[in-house]
Structure formats: C-alpha cells, structure tokens
Amino acid sequence: MPNRFGKLFSITTWGESHGPAIGVVVDGCPPLLPITAAEIQAELDRRRPGQSDITTPRKEADSVEILSGVYEGRTTGTPISMLVRNTDQRPGAYSEMKQAFRPSHADFTYQTKYGIRDPHGGGRSSARETIGRVAGGTIAKKILALSGGVELRAYITRVHDIAMPADALGDAFPSVEAIEATPVRCPHGPTAEAMIERIKAVRSQGDSVGGVIECRVRNLPVGLGAPVFDRLEADLAKAMLSLPATKGFEVGSGFDGTLLKGSEHNDLFENREGRVRTATNRSGGVQGGISNGEELVFRVAFKPTATILQSQPTVDLEGNPTDLMGKGRHDPCVVPRAVPIVESMAALVLVDHWMRHAAQNRTFNF
Ligand SMILES: Cc1cc2nc3c(=O)[nH]c(=O)nc-3n(C[C@H](O)[C@H](O)[C@H](O)COP(=O)(O)O)c2cc1C
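Because the structure is a prediction, the values reported are computed rather than measured. (Residues numbered from 1 in each chain as written. Predicted model: local features only at pLDDT ≥ 70, side-chain atom pairs only at ≥ 80, totals over all residues. Heavy atoms only, no water.)

S.K.: Which parts of the structure should I look at to understand the overall build of the protein chain?
M.R.: Along the backbone of the protein chain there are 9 helices and 19 strands. A compact globule built from 366 residues should have a C-alpha radius of gyration of about 21 Å, and the protein chain, at 21 Å, falls within 12% of that. The principal-axis extent of the C-alpha atoms belonging to the protein chain is close to 65 × 50 × 35 Å. The buried share of the protein chain, taken over its 366 residues, is 49%. Nonlocal contacts in the protein chain, meaning residues at least 24 apart in sequence, comprise 71% of its contacts between residues at least 6 apart. With an accessible surface of roughly 17,100 Å², the protein chain has 55% of that area assigned to carbon and sulfur atoms. Averaging the positions of the 42 positive and the 42 negative side-chain charges in the protein chain gives two centres separated by 3 Å. (Helix = DSSP H or I, 4+ residues; strand = E, 2+ residues; numbered from the N terminus. Rg over C-alpha atoms; globule rule 2.2 N^0.38 Å. Buried < 20%, exposed > 50% of the residue type's maximum accessible area, 1.4 Å probe, protein only. Contact = heavy atoms within 4.5 Å. Areas by Shrake-Rupley, 256 points an atom, 1.4 Å probe, with all protein chains shown as cover. Lys, Arg positive; Asp, Glu negative; His and termini not counted. Charge placed at Lys NZ, Arg CZ, Asp CG, Glu CD.)

Here's what the structure looks like:
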C-alpha cells in the first residue's frame, strides 16, 4: 500500500484513526527553514474536528509533536517526523462497520482487496490520515511564502446548491480574515450564512451535503511542471483526488470552458510592464502543463458525507441484504474542514515541482 507522496519533497503518512497516534515523515526539506510547532498547530486547528457547530462533534485536540528534523526552530535537512496522538477513540461507535458494508464508504473495496481491516473508524481510509498531509503541507507553505511570497488561498464556493455569486470576489485575492470569518470558510458573508443554515438543516434531518472548494495561488514563477506525464495540473489533480470524498477536479475555466468557442476562450498575450502576461486567465495559470506566472486557479468537488444518521439498505459481510443505521460522530458536510487540506496538498505539489525544476534547469552552468 503506497503511503508516500512527492518526488524530491515528499511526505509519508502513517497511522490509523483509532490507533494510538497518527503522523507523517517529511523528506527532502531544505535545511535552515524557520518553522515552529505552533505554526503547524495553527493549520491543524483549522482541520481538526469539533472546531465549530457545523463540523463533527468529535473532540480531538490534534496536538502536534515534532520528533526530528528541527533544531532550535530551524529545519536541519534531515527527515522531519511529526506525531499527533489520537485521544477521543470510541471504537464501539463504529460497531455497525463490523457487520455490514457502509454505503459509499471504503469498507467493501478495502476488505475485498486486503482481506483484513480494522473496522474502528475506517483505519487508513479515515480522514484522520489527512493530519499528516496538513502538517507536511504547512512546511511546504512556509517554503513557498519565503520563496518569492507565494500565497495560497482555498475557500468554499458551493455547498449543496448554494453557490457564491460568480462576481462576489471580483479580481480580489480573498483575505485569510474573510475566509476564516465564518466556520464554513466562504469569503462572501451572505453566501456563507446561507451555507451554514443549509448544513444545520440537513444535519437535523440526519443527512449530509457536499460542495466545492476553489484554490488560488499567486506569485508563482513561470516554469513549474512538465509537458508530458508530470504536467502541473495532472499532479494537482492526483493530489486533490487522493483526498477522501473528492469526486471532481477542474483547472481554470474547467468544465464550463466547453461552453465557449476558441475565440472566446483564448487567453491573449500582452506585454504588461515588461512582462509577458495574459489578458484573461481561463488557463488557470497553467499552459502546456507548465505554470505561466498567472494565478493558479483550480476547483475540487466533494461528495455529501457518506455516513448519514438514517437507515439504508446494504449487504452484510457475506453478501446478504440488510439495513444499516449510521452511528458515531460525523461531519454533515466535510468541505469546511477540507479547506486547509486542499491548501496543503497544493503546497506539497508546488514545492516538489519547484525543486524538480531547479534540479533540472538550475544545477549546471553550460
Ligand atoms: C475532512 C474530512 C472529513 C471527513 N469526515 C467524514 C465523516 O465524518 N464521515 C464520513 O462518513 N466520511 C467522512 N469523510 C469522507 C470519508 O473519509 C470518505 O468518503 C471515505 O473514506 C470513502 O472514500 P471516498 O469517498 O473517497 O470513496 C471525510 C473526508 C474529509 C476530507
């Protein structure tokens, strides 16, 4: 089972949701990067359960411990190992998973493939695995911030059928304050309120909803990515679709771009203050698999949470029909907690590509 992501800058995540701890090893981090446990904790706090009344009430502090690779507040260039202890385990809450396959969950495929499965909270399929991604991604974000002021912002644009108006942000890069102003992490106040009401309404019905996260990255250099298999958007798609509950990925104009003709869709080049720029950004910052220096813009679709507190038909472990009632503490909508995870995965891809770009193009002088 591969648990490693990235080539030159990589993370290896480990641990099960109901084991004693969960964590990550970050390899390939450059030495001398200033980083503290508090910076990593701040991002983990954006991901952790129990952070608001629209997330799962599971109470986990998700306190990070840095075990290696950091000395006196700076990275040493050696593997950085980080650990978060699981403190709020209630294995009994997941007893239904032992008897039957939960609809639209990982139970059936995992059991059939491996023949062995820890039925307490999903094991490696649990979203707790993403703790390691956020811890590693925070280091990647710091590298990007200190290397030319690269900034990433992910935020919610849709919950169920409630969407942020297309012109809500204009050209403005949304501020962290606007995104974090509400627990739903949509930077447009009126839409955020409607989204929160919808999540509360479906939760009261024992149901769930999904949504869309948009991510924008500014101040990227031209040149990250490659023209064939390791296209920047291909690696971003893999990173995003490796997250639990994701169902779609699009870059720039995405699926809506198919509604335009080439004459309407092309991003026209211009010389702006001595730099080659594009007048529009339907490419979403990537052309030919390589970043073009415009804002990187992509969107990720998350499905409605699989576990709902309603009885649904399924089959038991022998394939006999049965009914299953969801139990345990679940997110009625996983999307608000996924915002820092999307940013982290994007940062991991970008740092890895930045290092690969430098290794091939900047190492030798001829
Ligand atoms: C931040 C986050 C929180 C999640 N919380 C839950 C949850 O409380 N209940 C649940 O059934 N699924 C939850 N999921 C999704 C499941 O982990 C996922 O649907 C399941 O492992 C099956 O994988 P798949 O949906 O990618 O096929 C969450 C996903 C994310 C990203």
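S.K.: What should I look at first to understand helix 4 (residues 130–146) in this one?
M.R.: Residues separated by three or four positions in an α-helix point in the same direction, a consequence of the helix having 3.6 residues per turn. With 17 residues, helix 4 should reach 24 Å at 1.5 Å per residue; the first-to-last C-alpha distance of 24 Å fits that figure. Of all 17 residues in helix 4, 15 are buried; the element is thus mostly enclosed. Looking at the residues trailing helix 4, positive phi occurs at glycine 148, about 85 degrees. (Expected span 1.5 Å × (residues − 1).)

S.K.: What am I meant to see in the sheet that holds strand 15 (residues 286–287) here?
M.R.: One open sheet holds the 3 strands; their spatial order is 11-16-15, and the pairing between them is antiparallel. Looking at strand neighbours, the two that pair on one side only are strand 11 (222–225) and strand 15, the edges of this open sheet. Where strand 11 lies against strand 16 (residues 290–292), 2 bridges are found, and the strand directions are antiparallel. Directly across from valine 222, in strand 16, lies its bridge partner asparagine 292. (Pairing = 2+ DSSP bridges.)

S.K.: How do you make sense of the packing of helix 7 (residues 232–241) against helix 9 (residues 335–361) when you look at a structure like this?
M.R.: Two packed helices can be described by the angle between their axes and the distance between those axes. Across the interface, helix 7 lies against helix 9 with an axial gap of 9 Å and an inter-helix angle of 145 degrees. Judged by the sense of rotation from one axis to the other, the crossing of helix 7 with helix 9 is right-handed. Contacts between helix 7 and helix 9 involve Leu232, Asp235, Leu236, Ala239 and Met240 from the former and Val342, Met345, Ala346, Val349, Leu350, His353 and Arg356 from the latter. Tallied by class, the residues present in the contact of helix 7 with helix 9 amount to 9 nonpolar, 1 polar and 2 charged. (Axes fitted to C-alpha atoms, helices over the stretch in contact; angles between N-to-C directions. Left-handed = near helix turned anticlockwise from the far one by under 90°. Nonpolar A, V, L, I, M, F, W, Y, C, P; charged D, E, K, R; others polar.)

S.K.: How should I be thinking about the packing of helix 1 (residues 37–47) against helix 4 in this particular structure?
M.R.: Axis separation between helix 1 and helix 4 bottoms out at 9 Å; the angle between their running directions is 135 degrees. Taken together, the axes of helix 1 and helix 4 are oblique relative to one another. Where helix 1 crosses over helix 4, the two elements pack in a sense that is right-handed. Note on element contacts: helix 4 touches helix 1 through Thr130, Ile131, Val134, Ala135, Thr138, Ile139, Lys141 and Lys142, opposite Glu39, Ile40, Glu43, Leu44, Arg46 and Arg47. Partitioned by chemical class, the residues of the contact of helix 1 with helix 4 number 6 nonpolar, 2 polar and 6 charged. (Parallel < 35°, antiparallel > 145°, perpendicular 65-115°, else oblique.)

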